[in-house]
Amino acid sequence: MTETDQIAPKRGVPLWVQIIVWAVLAALLVLVAITLGKRQQGTVQPGEKIPDFSLKLYEGYEHEGQSEIKLSDLRGKVVVLNFWASWCKPCEQEAAELEEAWNAYGDSGEVVFLGADYVDTEPEARIYLQKFGITYANGPDLATKVSQLFRIQGVPETYFIDRDGVLQYVMIGPFSSVDAIRAQIEKMLAP
C-alpha cells in the first residue's frame, strides 16, 4: 500500500447541517427585507385604522385615574398622540401650544391628548413635563413599541386619530401655533 492509500478520504459537511445553515440564512434575508420594507413605507398614513395599543402612564399624568391607557378604550373620542423627548429641542417649540390646545378641549370629554415619551429617562421626562406645565396624560414608550407601530421617523410627531380609530392627520415636526392644532381637531369634531 502506498502512503496515499492509507489516508482516509475527506468527508464534507453533512447534508443536514448544510440545509440548516441555508435555512437560517434565508430566514435572516426575509427578516431584513421585511424590516427595510417597513422603513421605506414611512409613517402610518391618514385613512389607516390604527391597531390597538396600550401606553403605561407616568404617575401624576394618568388618564381619568388610570395608570395605563388603551386606544380601544378611547373609541368615540378624538385622540391627539404626540411623540416627544426631553432631549428634543423642536419638541420644546410646540410644548406650550399642545398644552394650550389640551386646555381648550380637555374638559369637553370629546378629545384626549396623549404624550408618548420616546427613548428617554423618566427623571429627564418629568423635568420636561414640569418645565412646560404639561398636564395631559403622558407615559414612556417602553421598548419603543408604540413608536414602532406608527413607524415614526423622529420627534416630534403628532397623530390625530378620529372617533373610530382611523388616522386623519400626521404632523411631522413641531406645530408653530395652537390654531394649527385646533384646526385639525375641529375637522374631526365636525358632524
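Notes on the structure follow. (Residues numbered from 1 in each chain as written. Predicted model: local features only at pLDDT ≥ 70, side-chain atom pairs only at ≥ 80, totals over all residues. Heavy atoms only, no water.)

1. Some thoughts on the packing of aromatic side chains
Spelled out, the test is: In summary, the pairing rule links any two rings of Phe, Tyr or Trp, Trp by its six-membered ring, whose centres are within 6.5 Å, and it sorts them by plane angle into stacked for under 30 degrees, edge-to-face for over 60 and tilted for everything else. Helix numbering and strand numbering both begin at the N terminus, where a helix is a DSSP run of H or I of at least 4 residues and a strand a DSSP run of E of at least 2. Whether a residue is buried, partly exposed or exposed follows from its accessible area with a 1.4 Å probe, protein chains only, as a fraction of its type maximum: under 20%, in between, or over 50%, in that order.
Tallied over the entire structure, the rule returns 11 aromatic pairs. With a centroid separation of 5.7 Å and 55° between ring planes, the pair formed by tryptophan 102 and phenylalanine 113 is classed as tilted. Taken together, the residues tryptophan 102 in helix α3 (residues 89–105) and phenylalanine 113 in strand β4 (residues 111–117) connect sequence positions 11 residues apart. On the basis of relative accessibility, which here comes to 2%, the residue phenylalanine 113 falls in the buried class. The rings of Phe53, Phe83, Phe150 and Tyr159 are connected pair by pair, giving a single aromatic cluster.

2. Side note on helix α6 (residues 178–189)
Applied cut-off: Expected span of a helix, by definition, is 1.5 Å for each gap between consecutive residues, and there is one gap fewer than residues. Read the arc as the range of directions from the helix axis to the C-beta atoms. Only heavy atoms matter for contacts: two residues are in contact if any of them lie within 4.5 Å across the pair.
The end-to-end C-alpha distance of α6, which contains 12 residues, comes to 16 Å, matching closely the 16 Å that a straight helix rising 1.5 Å per residue would cover. The set of residues buried in α6 consists of Val178, Ile181, Gln184, Ile185, Met188 and Leu189. Seen along its axis, α6 keeps its buried residues to an arc of 140°; they face one direction. Exposed and facing more than 90 degrees away from the buried side of α6 are Asp179 and Lys187. Contact partners of the buried residues in α6: β3 (78–84), α3, β4, β6 (157–161) and β7 (167–172).

3. Some details on the pattern of salt bridges
For clarity, the threshold we go by: By salt bridge we mean one thing: a side-chain nitrogen of Lys or Arg within 4 Å of a carboxyl oxygen of Asp or Glu.
This structure, assessed with the given rule, holds 6 salt bridges. Aspartate 52 is paired through a salt bridge with lysine 70; the nearest N and O atoms lie 3.8 Å apart. Of the two residues, aspartate 52 is situated in the loop between α2 (15–41) and β1 (54–56) and lysine 70 in strand β2 (residues 68–70); the sequence distance between them amounts to 18 residues. Judged by relative accessible area, which is 37%, lysine 70 ranks as partly exposed. A salt bridge links glutamate 68 to lysine 56; the shortest N-O distance between them is 3.5 Å. Of this pair, glutamate 68 sits in strand β2 while lysine 56 sits in strand β1, and the two are 12 residues apart along the sequence. What makes glutamate 68 partly exposed here is its relative accessible area of 34%. Given the relative accessible area of 45%, lysine 56 is considered partly exposed.

4. Topic: the environment of serine 72
Mapping serine 72 onto the fold places it in the loop between β2 and β3. Judged by relative accessible area, serine 72 falls into the partly exposed class, the value being 31%.

5. Here's the deal with the state of the cysteines
Selection criterion: Whenever a pair of cysteine sulfur atoms sits within 2.5 Å, that pair is classed as a disulfide.
Tallied over the entire structure, the rule returns 1 disulfide. Covalent S-S linkage joins cysteine 88 and cysteine 91, the inter-sulfur distance amounting to 2.4 Å. Taking the torsion about the S-S bond as the criterion, the cysteine 88 to cysteine 91 disulfide, at about 85°, is right-handed. For cysteine 91, a relative accessible area of 1% puts it in the buried group.

6. Thoughts on empty space enclosed by the protein
To be explicit about the condition: Grid points spaced at 1 Å and placed over the protein atoms alone form the basis of the search, with a cavity being a set where a 1.4 Å probe fits but cannot get out and a pocket an open set showing protein on both sides within 12 Å along at least five of seven lines. Lining residues have an atom within 4 Å of a point. Grid points are joined across faces, edges and corners, and a volume is the space filled by probe spheres set on the points. Three residue categories are used. Nonpolar comprises Ala, Val, Leu, Ile, Met, Phe, Trp, Tyr, Cys and Pro, charged comprises Asp, Glu, Lys and Arg, and polar comprises the others, including Gly.
Per the counting criterion, the structure on display carries 1 cavity of 30 Å³ or more. By volume, the largest cavity amounts to about 50 Å³. Looking at the largest cavity, the residues that line it are Asn82, Trp84, Cys91, Glu94, Ala95, Leu98, Tyr128, Leu129, Ile134, Tyr136 and Asn138. Secondary structure elements with two or more residues in the lining of the largest cavity: β3, α3 and α4 (122–131). Examining the composition of the lining of the largest cavity, we find that 4 residues originate from one element, α3, more than from any other. In terms of residue class, the lining of the largest cavity is built from 8 nonpolar, 2 polar and 1 charged.

These values are about where atoms sit, not about what they do.
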